[in-house]
Amino acid sequence: MLTHIHPKLPMRDKAATRDFYLHQLQFAELGTVNYEGYLMVKKDAIEIHFFEFKELDPAENYGQIYIRTDNIREWYQFVQDQGLKSTELDYKPWGVIEFSILDPDTNLLTFGQNV
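Treat the numbers as computed from the prediction; the structure is a model and nothing was measured. (Residues numbered from 1 in each chain as written. Predicted model: local features only at pLDDT ≥ 70, side-chain atom pairs only at ≥ 80, totals over all residues. Heavy atoms only, no water.)

A. Looking closely at the overall build of the protein. Each helix and strand counted, the protein has 2 helices and 8 strands in total. Written out in order from the N terminus, the α and β elements of the protein read β-α-β-β-β-β-α-β-β-β. Counting across all 115 residues of the protein, residues that qualify as buried make up 38%. Taking contacts inside the protein between residues at least 6 apart in sequence as the whole, the part at least 24 apart equals 51%. Carbon and sulfur atoms provide 52% of the accessible area of the protein, an area that totals close to 7,300 Å². For the protein, the centre of its 11 positive side-chain charges and the centre of its 18 negative side-chain charges are spaced 2 Å apart. (Helix = DSSP H or I, 4+ residues; strand = E, 2+ residues; numbered from the N terminus. Buried < 20%, exposed > 50% of the residue type's maximum accessible area, 1.4 Å probe, protein only. Contact = heavy atoms within 4.5 Å. Areas by Shrake-Rupley, 256 points an atom, 1.4 Å probe, with all protein chains shown as cover. Lys, Arg positive; Asp, Glu negative; His and termini not counted. Charge placed at Lys NZ, Arg CZ, Asp CG, Glu CD.)

Set out below in structure tokens:
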């Protein structure tokens with residue numbers, strides 16, 4: 001039985017990635033050990049892991065994850081209040097409302113809620 005999934009995304013600079021997720025998106029760092037070249041963050045019931053890839057060209061990064069939420073409008077407003085650039089809230093024909101942001105390495109984070 002599968003129980004969880006923790007996507008792994010590339011990062012060029014651990015300090016910049018940590019700052020974005022902890023301070024901008026208010027995730028928490030997982031663990032008490034600072035692993036070189038690896039970062040784990042958590043918010044509510046999700047975890048995202050990052051591996052160091054210093055040679056990553058953000059213009060050629062296709063890393064992306066889809067995150068389900070039960071409070072899309074509140075989360076969208078939080079992102080706006082943080083001054084982060086995002087797409088507009090958009091109703092999709094498959095029955096969700098969603099928006100997306102890019103992290104410092106252009107990993108695409110799409111947030112969606114069933115409507």
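Once the structure has been displayed, the description carries forward.
B. Here's a closer look at the layout of surface pockets. Quantified by volume, the largest pocket comes out at close to 270 Å³. Contributing to the lining of the largest pocket are 14 residues, with D44, I67, R68, T69 and N71 lying nearest its centre. Elements supplying a minimum of two residues to the lining of the largest pocket: β5 (64–68) and α2 (72–81). For the lining of the largest pocket, a count of residues per class yields 7 nonpolar, 2 polar and 5 charged. (1 Å grid on protein atoms, 1.4 Å probe; cavity = no way out; pocket = protein on both sides within 12 Å on 5 of 7 lines; lining within 4 Å. Points joined across faces, edges and corners; volume = space filled by probe spheres on them. Nonpolar A, V, L, I, M, F, W, Y, C, P; charged D, E, K, R; others polar.)

C. Structural context of unusual backbone geometry. Backbone geometry at Q26 places phi at a positive 60°, although glycine is not the residue there. Tracing the backbone shows Q26 in the loop between α1 (14–24) and β2 (28–29). For Q26, a relative accessible area of 44% corresponds to the partly exposed category. Positioned with a positive phi, T106 is a non-glycine residue whose angle comes to about 60°.

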